[in-house]
Amino acid sequence: MPISQHIRFCIIALLIVGGSSVLLIRLFAIQVERHEEYAAKVPGTSEVKVRIPGVRGLIRDRFGRVLVDNVARYEMQFNLKEILDSYKEQIEIDNKGLAAINRKGEQKVELRKIPLRTFQFQSAGGLPRKRKEKDMVAIVSEVVFPRLEQIGLFKEFHAGDLQRHWRTHGGLVPYTYRDDLSFNEYAIAAEHSLDLPGVNVEARPLRRYVYNSLASHILGFVRQPDIKKVPAEERRQWEYYVPDDFGGDGIEATMNGYLQGKPGKRVLLKNEKGRVVDSKDESGRGIGEISYTAPKAGSDVWLSIDLRYQYIAEKALRKVGRGAAVVIAPTTYKTLINVAGRQEEHWIYAGDILAMASVPSYDPNKFIPSISEVDWKRYLDNDADPLINRALKDHAPGSTFKIPVALAGILNGADNEPFKCDGGMLFGKKFMKCWVHSKGYNHGTIFMREAIKYSCNGYFYRYGNKTGIRNIQQVAKWMGLGERSGIPLNNEDPGLVPNPEWKLAQGLGAWGESDTAQVSIGQGATEATPLQMAAVAAGVANRGICYKPKLVHKIVENGIERRREPVFRFDLTQEIPAGKIEICRRGMWDVVNANRGTGGRAHSELTQISGKTGTAQTGRKREGGENETNAWFISFAPYVQPKLAVCIMVENGQSGGGVGAPIAKQIIDEILLIEKTGIDPTVIPLREFEGTLDFVAHVSFDDDPTEAFVGEDDGDDGSAVAATPIPDQGHSLKRRLPSPTIRKTPDSRGSTKSRKVRQRIRTLDRWRGR
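Nothing here was measured: the structure is a model prediction, and the numbers come from that model.

## Points about the packing of aromatic side chains
Right, so step 1: This structure, assessed with the given rule, holds 25 aromatic pairs.
Right, so step 2: Ring centres of Phe-157 and Tyr-177 lie 6.0 Å apart, and the angle between their planes is 70 degrees; on these two criteria the pair is classed as edge-to-face. Placement of Phe-157 in the loop between α5 (145-150) and α6 (159-169) and of Tyr-177 in strand β6 (residues 175-181) is noted, with a sequence separation of 20 residues between them.
Right, so step 3: Tyr-177 sits in the buried class, given a relative accessible area of 8%.
Right, so step 4: By way of ring pairs, the aromatic residues Phe-78, Phe-145, Phe-154, Phe-157, Tyr-175 and Tyr-177 are connected into one cluster.
Right, so step 5: Taking the ring centre of Tyr-379 as reference, the NZ or CZ of Arg-378 above it sits at 4.9 Å.
Right, so step 6: One Lys or Arg, Arg-586, reaches over the ring of Trp-589 and ends 4.9 Å from the middle of that ring.

## Things to note about the nonpolar core
A general trend in soluble globular proteins is that nonpolar side chains are found buried together.
Right, so step 1: Core analysis: the largest hydrophobic core is formed by 147 residues, its most contacted members being Ile-251, Leu-303, Leu-407 and Ile-667.
Right, so step 2: Setting aside residues up to four positions removed in sequence, Leu-407 forms contacts with Val-475, Met-479, Val-540, Leu-572, Ile-576, Ile-581 and Cys-584.
Right, so step 3: By size, the runner-up hydrophobic cluster in this structure holds 29 residues, among which are Met-76, Leu-153, Leu-162 and Val-201.

## Some remarks on the sheet that holds strand β27 (residues 627-637)
Right, so step 1: The strand order across the open sheet formed by five strands is β16-β13-β28-β27-β26, and the pairing between neighbours is antiparallel. If you trace the sheet from one side to the other, it starts and ends with β16 (353-359) and β26 (610-621), each paired once. If you compare each strand with its neighbour and ignore which way they point, the axes differ by 10 degrees on average.
Right, so step 2: Of the strands in this sheet, β13 (323-328), β26, β27 and β28 (644-650) touch helix α22 (residues 656-677), which is tilted by about 145 degrees from β28.

## Some thoughts on helix α4 (residues 136-143)
Right, so step 1: Counted residue by residue, α4 has seven buried out of eight residues, so it is predominantly covered.
Right, so step 2: Taken together, the buried positions of α4 are Met-136, Val-137, Ala-138, Ile-139, Val-140, Ser-141 and Glu-142.

## Examining empty space enclosed by the protein
Right, so step 1: Here the structure, examined in full by the defined rule, presents seven cavities of 30 Å³ or more.
Right, so step 2: Lining of the second largest cavity is provided by 15 residues; of these, Gly-54, Arg-56, Arg-204, Pro-205 and Asp-245 occupy positions nearest its centre.
Right, so step 3: Taken together, the elements giving at least two residues each to the lining of the second largest cavity come down to β3 (66-78) and β7 (199-209).
Right, so step 4: In the lining of the second largest cavity, the residues fall into five nonpolar, four polar and six charged.

## A look at α22
Right, so step 1: Taking 1.5 Å of rise per residue, 22 residues should cover 32 Å, and α22 covers 30 Å from first to last C-alpha, within 8% of that figure.
Right, so step 2: With 17 of its 22 residues buried, α22 lies for the most part within the structure.
Right, so step 3: Following α22 by one or two positions, Gly-678 has its phi on the positive side, about 75 degrees.

## Considerations on the environment of Ile-59
Right, so step 1: Tracing the sequence through the fold places Ile-59 in strand β2 (residues 59-60).
Right, so step 2: Taking relative accessible area as the criterion, Ile-59 reaches 0% and is therefore assigned buried.
Right, so step 3: Residues Ile-59 and Ile-555 lie 496 residues apart in sequence; the distance between their C-alpha atoms is 9.6 Å.

## Digging into the packing of α4 against α6
Right, so step 1: Closest axis-to-axis distance for the α4/α6 pair is 9 Å, and the angle between their directions is 110 degrees. When the interaxial angle is binned, α4 and α6 end up roughly perpendicular. Contacts between α4 and α6 involve Met-136, Val-137 and Val-140 from the former and Ala-159, Leu-162, Gln-163 and Trp-166 from the latter.
Right, so step 2: Its residues assigned to classes, the contact of α4 with α6 shows six nonpolar, one polar and no charged.

## Focus: a nonpolar patch on the surface
Right, so step 1: Judged by side-chain polarity, Ile-7, Ile-11 and Leu-15 come together as a nonpolar surface patch covering roughly 300 Å² of accessible area.
Right, so step 2: Mapped onto the secondary structure, Ile-11 falls in helix α1 (residues 3-33).

## Describing the environment of Ala-537
Right, so step 1: Among the secondary structure elements, Ala-537 is positioned in helix α20 (residues 530-541).
Right, so step 2: Taking relative accessible area as the criterion, Ala-537 reaches 0% and is therefore assigned buried.
Right, so step 3: Linking Ala-537 and Cys-647, residues 110 residues apart in sequence, is a C-alpha distance of 7.7 Å.
Right, so step 4: Setting aside residues no more than four positions away along its own chain, Ala-537 makes contact with Ile-634, Ser-635, Phe-636 and Ala-645.

## Focus on the pattern of salt bridges
Right, so step 1: Going through the model one piece at a time under the given rule, you end up with 48 salt bridges.
Right, so step 2: Across the salt bridge formed by Asp-680 and Arg-308, the nearest N and O atoms sit 2.8 Å from each other. Of this pair, Asp-680 sits in the loop between α22 and β29 (742-743) while Arg-308 sits in helix α12 (residues 307-317), and the two are 372 residues apart along the sequence.
Right, so step 3: Looking at Asp-680, the relative accessible area reads 28%, which means it is partly exposed.
Right, so step 4: Judged by relative accessible area, Arg-308 falls into the buried class, the value being 3%.
Right, so step 5: As a salt-bridge pair, Lys-665 and Asp-669 come within 2.8 Å of each other at their nearest N and O atoms. Here Lys-665 pairs with Asp-669, and both are found in helix α22, just four residues apart, close to one helical turn.
Right, so step 6: Of the residues examined, Asp-669 reaches a relative accessible area of 14% and is grouped as buried.
Right, so step 7: Members of the salt-bridge network, linked through shared partners, are Asp-61, Arg-65, Asp-306, Arg-308 and Asp-680.

Here is what the cut-offs are and how they apply
The numbering scheme is per chain: residues are counted from 1 as the chain's sequence reads. Whole-chain, interface and lining totals are the exception, using all residues; otherwise, since this is a predicted model, local features are given only for residues with pLDDT of at least 70 and side-chain atom pairs are given and counted only at 80 or more. The side-chain quantities take in all heavy atoms of the structure and omit both hydrogens and water. When two rings of Phe, Tyr or Trp (its six-membered ring) have centres within 6.5 Å they constitute a pair, described as stacked for plane angles under 30 degrees, edge-to-face for angles over 60, and tilted for the intermediate range. Every helix listed is a DSSP run of H or I at least four residues long, and every strand listed is a run of E at least two residues long, numbered separately from the N terminus. Between buried and exposed lies partly exposed: a residue is buried under 20% and exposed over 50% of the maximum accessible area for its type, with that area taken using a 1.4 Å probe on protein chains only. Distance and angle both matter: a charge sits over a ring if NZ of Lys or CZ of Arg is within 6 Å of the ring centre and within 35 degrees of the ring normal. Working definition of a nonpolar core: buried Ala, Val, Leu, Ile, Met, Phe, Trp, Tyr and Cys residues. They are joined through side-chain atoms within 4.5 Å. Contacts were defined at the residue level, with two residues in contact if any of their heavy atoms lie within 4.5 Å. Pairing between strands is defined by DSSP: at least two bridges between the two strands are required. Every axis in this analysis is a line fitted to C-alpha atoms, fitted for helices over the stretch in contact. Angles between the N-to-C directions lie between 0 and 180 degrees. Here a cavity means grid points, on a 1 Å grid over the protein atoms only, where a 1.4 Å probe fits yet cannot get out; a pocket means an open set of points with protein on both sides within 12 Å along at least five of seven lines; lining residues are those with an atom within 4 Å of a point. Grid points are joined across faces, edges and corners, and a volume is the space filled by probe spheres set on the points. Amino acids are sorted into nonpolar (Ala, Val, Leu, Ile, Met, Phe, Trp, Tyr, Cys and Pro), charged (Asp, Glu, Lys and Arg) and polar (every other residue, Gly among them). Any helix carries an expected span of 1.5 Å times its number of residues minus one. Each angle receives one of four descriptions, namely roughly parallel if under 35 degrees, roughly antiparallel if over 145, roughly perpendicular if within 65 to 115, and oblique otherwise. Here the term patch refers to residues with relative accessible area over 30% and no salt bridge, with like charges joined within 9 Å and nonpolar side chains (Val, Leu, Ile, Met, Phe, Trp, Tyr) within 5 Å. Method for areas: the Shrake-Rupley scheme with a 1.4 Å probe, in which residue coverage is limited to the protein chains shown. A side-chain nitrogen of Lys or Arg and a carboxyl oxygen of Asp or Glu constitute a salt bridge if their distance falls within 4 Å.

Here's what the structure looks like:
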């Protein structure tokens, strides 16, 4: 190579190396030494922490059959702050175009502004105030809804709710625009989500009540949360707070702490324009997703109820318009259950609630994720009150209360002497009648066992006063009357066993013999719930050993079981001889199986049922002017080794023997037939039962072999008590209703705004040149 060419090559090489060195030094200075200075001048990326709601645990029956589970729910959410930011960007672009038009002088065009609305409110002092706020309905209607209409996903909405959500939560909590997307709609929305700033579609767990209205008063429902009750420090941890649903009523509410899952976390990347990066790499992972922590499921709650028994009780109870049925295990015993084609032994524990039904009923699926205003109004307007769990509502128990009174008399030996019926008893100038008085005869002079069989009021007026109100109070307390059972359900009434102190506190004067007489037949202010009276029947069935009712069988968390043990209440044999309790049991056997017993229609060919009828006045009148009564029947079976204690209460029923007894028999027979044959009934979802206010004269089942049985009936006609010195408390069933999330009917802005927006968009498109 000539020397001149070699020199030129070296010079070029030096220039290249020198230039590269200078460039590298400059890049180092900019990117490393002065990085913070330049980074502060350019909008960069940022991280967004999104809270993912936990997954609620399942609710099962005692053998693990699923009653409540979760299915996929597809919903569309708006991040209103992102939509507002996008709107501001578009206004800035539009105003540049409008300013150019104005400069040309062709026409005067008004520049665009963020729309505002006047919000009226009251100050802390109660004075009316007004303030301006951004009209998010108008903004969303312009930015989002036209595009949703194009892809077929627009749906009328309640504009007031959207505006209120913005006012309350700003951009922290997403606004759920639609919670009813089908899978196809979800797929369309996911495909077009990049075209819609601030619009996200999510697949979230949706609560599902597998058997519709079955056990609705036990299970309850979930509702959407009140974000205001979430601590501020919890909300501040997230840029995007998606809250958990929580229990609104029933087990869903009281066991919410166990059922609620633990939230997950998704950390997303926002680009320099403030929008979430939503593209995916070759593996399908979101490039904008920095990290993801999956939410965890809550604990499973296993109830004490048996799905089969619950189904049987609810089907039988639908023979009447309003009522309740409770089935309790009086003793601990083993039973066989079919599992995957084979029979396994399982324990049933004393006090376990095996079924608890109430009619009318409701479908908790209608509350998920929110209930429409139309459905909610329909429930509230139904005079039969379908939202009330009648198994936990107290009423005068009538003659079923004679069982604890009978046991109380043993404390001071009142059971050792006979008492007359005389068709009733005179207290001062008031003659309180026995129910047979209107039939023209009386029960004569009888002992306790016969008095239970005949349900003789005349006997119990005298027997109760011989016993004394204090002894009646004591036994009632031992058996759980006058106090809540403690099961995890809201709105349980405590019942009431009146006493002298209570009467004075009510301003009703001094206690007298007529007051004790009324309590002795379960009338006046005496009140008990069907659950309490089922527990009374269970205590007698178990020969005086009483347990508290139990509704939760166990909690299962991460495979670890925590079983709820039976809760012992009291052993009556500590105060009352076992032989005396047996006399009371024999009296209940006579009610159903002996000649002239008042509960003959509970007689069974399959087992020996023992029971006690009751017919209690309510203080109201039927349409024909007769006194309205509630029909009661408490029972247990079999007699020797009891497995079931049952209470039936029917509102506006003529008599316990004619209305309550056949329902109890039907439930007991069907349950024990399962025990005998091992054949399970086919349990299918039940439609909600609207109920009626109709008078129920009698109940019959077509295949009942004892329909022709003829016996006495304690059907009060309103003459059993001539006057009511202590009024029935008459609790309103409409009190303490659950509070659901109500889905409002679309308002005028939410129904018509989209048409105005389309006109506005067409105007803008013309000068934008689109």
